[in-house]
Amino acid sequence: MEVQRFGVKFFVADPPSVRLHDFIQIFHGWIQKQTVENHLLIDVHNYSHIHNGPGILLVAHEGNFSMDMADGLPGLLYCRKTPTTGTPVDHLETILKSALQACNLLEGEVRFRMDDFLLLANDRLNAPNDDECFSQLKPIVSDALERVFGHTKYTLTRHSENPKERLVVRVAGN
Amino acid sequence: MPTWKEKLSITMEPQLVEEIDAFESQIALRRSGKLDEKIFAETRLRRGVYGQRYDNGHRNDGVRTQELNFSSDLTKGPDTLWDAPGMQRIKIPFGGVTPDQMDTLADLAEEYSDSVLHVTTRQDFQLHYVHIDDTPNLMRRLAAVGITTREACGNSVRNVTACPLAGVCHGEVFDVTPYARATAKFLLGHPDAQGFGRKFKIAFSGCRERACGLVNMHDMGGIAVTRTENGMEKRGFELYVGGGLGAVPHDAKLFEPFLPEEELLPTAQAVARVFARLGEKKNRAAARIKFLVAKLGIEEFRRLVLEERKTMVPDPRWTGYLPEVAEFKENPLKEPVPLNGQRPEGFEKWYSTNVYRQKQAGYAVATITLPLGDLTSSQMRQLADLARSFTGDNVRTTVEQNIVLRWVSEADLPELYRELVRMGLGEPGAGTIVDVTACPGTDTCKLGIASSRGLAAEIRTRLAAKLFTLDEAVKNLHIKISGCFNSCGQHHISDLGFYGTSRTIGNRKVPHFQVVLGGKWEDNAGAYGLAIGTVPSKSIPEVIERITGRYVRDRNGNETFQEFIKRIGKQELRGMLENLMQVPAYEKDRSFYSDWGDPREFTIGDLGMGECAGEVVSAAQFDLADAERLVFEGQLHLDSGDYAQADALAYRAMIQAALSLVKTQFQSVRNDSDTVVSEFRARFYDTNILGDRYAGNKFAQYLFRRHDSPPHEHTLDRARRIVEEAQLFIEAVYACHDSLTERGSAPISIKAVGKP
Ligand code: SF4
């Protein structure tokens, strides 16, 4: 399975604490200092008017970060756009680390759950949302999780079986 | 690894396969420095690949101007960095989309953009923050569902728009849909529509009275009319030309009160020819057809077009589509059943603003109100499923940046509403004062001065809460906002219109909007508004309160808003706003010094140039770039051992290069190879023009030899030779073109585009 465009969403632990508009200022601040390593931060886009939309988006050359509101569940979403190097496990590791870096930068603003999050393969050509791809993706996810989080036990499930949607894996800590 | 190209090659029309492969080659050529940036810019624009704010590599972050250090300094146009994210515009003729197309659009927004689809004021979709390297695959996926992005930007015929109610409207004379479709298809890539100095927009409307088609503000527009001839009803169009918004709006001029339907396409072609020939090319600010019509006068313009029409060789496509028009019919999915049964909470309000009962009893059009024209991929996919369940293929975008589902059986409306609410798309207020239209403005547009979307969002939020308590006369007013004078947000034709500008207070910039009152959306954009004065952005909501409040209080009986504005007059209106025009000192209230939704201190330092403003790309250069692309592809086939294909492409490249020169003297030359070679020989070889400075005549022999004696067998040697010869021939043609340009005899040039 050759997928480059992975994404990850870490849910906010306390959803009512999210004041979406605050992230406009926060993300502008990140751009001023170019705070996210290995990313060229470019612009902030306010999508708060869209129901369950991308919320507040921070556009970087390498990928987009957002305080995402999909399904009404706020969370830090990172979607990779440019290729990363190495194996699929390497890609996923890079992407997880980028997202975690953003979560760390938001410490003090919001807390994120590390025991329940989503990994998405944003590539319908190489990773359609079917059983076969899910089976192929599982070991890649497990290896990447082990590299990033150590020997924690996780359950991996397919988030939706709708073939039109992207292949999304729900990662739940045991 | 599988590729979209392989996967979709059999699902795409061959023509689209070829076009997109060609674009991919042009990307490769530009990447390797073999294609000039100006020519590449116009090439990509003609495929809908547009630049975005900050793509010159500079951005003010509120404290200082940062250099955006992309890893490569390659450019995709003058002052436009390759790696900077851009916008992809997707043309949707008359706004008609099917559920399958909606699914694809949703997928593309997720995979290449930011999961948001934006509906424009001309029924297109736009995706933002797209990397140029992703665009060929994005286009292939669109092509596989029958959508092309060709000529979505650039100096070309843009999306052909039409009333979203066409075919179901009570007031229409007839359904303009099939005519809009035929016009879009006929002019797409038409050789006579390639040499414009600026874009060309066409619209169709089913009637004079209502607004939906907005013919009056278009370069060319047709209003459906009929007349009786020999006891038979005959269809035709009241044809207008030379309308347009922009900084200086022009009313379209009546070209013909009754243009018979069979004359629609040939007349459009003749108009295109005259515009291409006589329209301004150097000064882009005066290059729209409205300036040509104004300069010549409509009578002279009409005479030239009719003269041109007489010279045109008949084309079977002019009338070939008419039998389909007679048969054109949309198929509803469900039986017509009147509204009945339980109605969910909120339904009545939504029904009162978002439902239009069709002329076909038992059916209705439901408008999906999209805030600022945006919806997510997930909403789009769900909407596609709703269409599948309730209406079939009958979905359209609107120029008010909404989506309509047509042919909904009325009895299904409550269920449809429930579903829309579940998806977050059940907002009422379509077509009312809360349904604010805004261009992208400073969010993404390089020319944006003030935040049109930020202001629109603020106004929307404030008015939504009290929509149903507003006086009826105010409730149905329109608000339209542009980020600058270019008026993509159509502020001129709005009751309350605003366009972004800037003022310096002390030594700081303050975002402002010019207030334009009393424009008319009805009657096909029947009147343009009156500029009243410039007000700081942060005071605009108060402007709306004040003007609408006075209207409610002081209007005479059923006086319309336009009549009221006219009666009150500019001076008094200005007086009403005088104190709102003041800006508090920075130390007193800093909020005035930032724009809506953007905490950075306001600056106009981020303002970019409209793409290629001031650059002139000649038509011949453009064609020559295509010749180079063909020879490049020939080289790739040579490398892969496909000698026959290498030979064929190299030959086509030479024909294309020769054609580029011939067209400088004989614009409407046929493009079959015999004609091209013979014209080229007579005009450039026999006259020694090609050989004049660079011994080009020797290179012309390569073309003649290959044309007269195609190879019987394909070998590596032969193929390699022809590819090399083609390259040399193209160089000679370039040299000849440059020499002619220096002498001032190189002709027809294309001005690259400015505003979107
Ligand atoms: S050029 Fe058009 S889209 Fe850009 S800000 Fe001006 S009016 Fe808006």
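Everything here concerns the structure above.
The present account deals with the structure reproduced in this document.

Each value, and the rule that gives it
- Residues numbered from 1 in each chain as written.
- Chains lettered and ligands numbered in written order.
- Predicted model: local features only at pLDDT ≥ 70, side-chain atom pairs only at ≥ 80, totals over all residues.
- Heavy atoms only, no water.
- Pairing = 2+ DSSP bridges.
- Helix = DSSP H or I, 4+ residues; strand = E, 2+ residues; numbered from the N terminus.
- Axes fitted to C-alpha atoms, helices over the stretch in contact; angles between N-to-C directions.
- Contact = heavy atoms within 4.5 Å.
- Buried area = accessible area lost by both parts, 1.4 Å probe.
- Salt bridge = Lys/Arg side-chain N within 4 Å of Asp/Glu carboxyl O.
- Polar contact = N/O pair within 3.5 Å; in protein donor to acceptor, adjacent residues only side chain to side chain.
- Nonpolar A, V, L, I, M, F, W, Y, C, P; charged D, E, K, R; others polar.
- Core = buried A, V, L, I, M, F, W, Y, C linked by side-chain atoms within 4.5 Å.
- Buried < 20%, exposed > 50% of the residue type's maximum accessible area, 1.4 Å probe, protein only.
- Disulfide = S-S within 2.5 Å.
- Near = heavy atom within 4 Å.

**Points about the sheet that holds strand S4 (residues 63-68) of chain A**
Residues and elements named next belong to chain A. Taken in spatial order, the eight strands line up as S2-S3-S4-S5-S1-S6-S8-S7 in an open sheet, and their pairing is antiparallel. The sheet is open, and its two borders are formed by strand S2 (41-47) and strand S7 (154-158), each paired with just one other strand. Here the average twist between neighbouring strands, direction ignored, is 20 degrees. Strands strand S1 (6-12), S4, strand S5 (75-80) and strand S6 (112-121) of the sheet are contacted by helix H2 (residues 88-105), whose axis makes an angle of about 35 degrees with S1. In the packing of helix H3 (residues 131-149) onto the sheet, the strands contacted are S1, S6, S7 and strand S8 (167-173), and the crossing angle to S7 comes to about 150 degrees.

**Let's talk about the interface of chain B and chain A**
Each partner contributes residues to the interface: chain B has 48 residues there, and chain A has 35 residues. Of the roughly 3500 Å² buried at the junction of chain B and chain A (both faces included), carbon and sulfur atoms supply 55%. Looking at the side of chain B facing chain A, the largest losses of area belong to B:Glu111, B:Tyr129 and B:His131, adding up to 16% of the total buried there. Along the contact surface separating chain B from chain A lie eight salt bridges. Note that A:Arg5 is salt-bridged to B:Asp134, the shortest N-O span being 2.6 Å. Applying the counting criterion to the chain B and chain A interface returns 23 residue pairs in polar contact (both at pLDDT 80 or more). Listing elements by their share of the side of chain B that touches chain A, those giving two or more residues are helix H1 (4-8), helix H4 (99-112), strand S9 (125-130), strand S17 (374-376), helix H13 (377-390), helix H14 (413-423) and strand S26 (598-601) of chain B. It is H4(B) that provides the largest number of residues to the side of chain B that touches chain A, a total of five residues. Across the side of chain B that touches chain A, the residue classes tally to 16 nonpolar, 11 polar and 21 charged.

**Looking at the nonpolar core**
B:Phe125, B:Leu383, B:Ile403, B:Leu413 and B:Leu416 are the most contacted members of the largest nonpolar core, which totals 63 residues. Here B:Ile403 is in contact with B:Val119, B:Phe125, B:Ala366, B:Thr367, B:Ile368, B:Leu370, B:Leu375, B:Met380, B:Leu383, B:Val395, B:Arg396 and B:Thr397, once residues within four sequence places are set aside. Core analysis: the next-biggest nonpolar cluster, separate from the first, contains 52 residues, A:Phe10, A:Trp30, A:Val36 and A:Ile56 among them.

**Side note on the environment of B:Arg31**
Residue and element names in this part refer to chain B. On the secondary structure map, arginine 31 appears in helix H2 (residues 14-31). Residue classification places arginine 31 among the partly exposed positions, given a relative accessible area of 44%. Remark: the alpha-carbon pair of arginine 31 and leucine 74, spanning 43 residues in sequence, is separated by 7.3 Å. With residues near it in sequence (within four places) discarded, arginine 31 still touches Leu74, Trp82 and Asp133.

**Re the state of the cysteines**
Throughout the structure, instances matching the rule amount to zero disulfides over all chains. Here A:Cys79 is not disulfide-linked; the sulfur of A:Cys103 is the nearest cysteine sulfur, at 13 Å. Residue A:Cys79 is classed as buried on the basis of its relative accessible area, which comes to 12%. With no disulfide of its own, B:Cys169 lies closest to B:Cys207 among cysteine sulfurs, the gap being 5.6 Å. Residue B:Cys169 is classed as buried on the basis of its relative accessible area of 7%.

**As for the site of the ligand**
Close to the ligand lie 13 residues; B:Cys439, B:Cys445, B:Gly448, B:Cys484 and B:Cys488 are nearest. Grouping the constituent residues of the shell around the ligand by class yields seven nonpolar, six polar and no charged.

**Details of unusual backbone geometry**
Among all residues except glycine, the phi angle is most often negative; among peptide bonds, the trans geometry is most common. In this model, A:Asp71 sits at a positive phi of 60 degrees, which is unusual for a non-glycine residue. Position of A:Asp71 relative to the elements: it lies in the loop between S4 and S5. Here A:Asp71 falls in the exposed class, since its relative accessible area comes to 60%. A positive phi angle, near 65 degrees, is found at B:Gln123, a position not held by glycine. Its place among the elements puts B:Gln123 in the loop between strand S8 (116-119) and S9.

**Some points on the sheet that holds strand S18 (residues 395-397) of chain B**
Residue and element names in this part refer to chain B. In space, the five strands of this open sheet follow the order S7-S18-S19-S16-S15, with antiparallel pairing throughout. Single-partner strands in this sheet number two, and they are strand S7 (96-97) and strand S15 (355-357). As judged from the two bridges shared by S7 and S18, these two strands associate in the antiparallel manner. Considered in S18, the bridge of glycine 96 is made with arginine 396. This element, helix H12 (residues 347-354), spans S15 and strand S16 (363-368) of the sheet and lies at about 60 degrees to S15.

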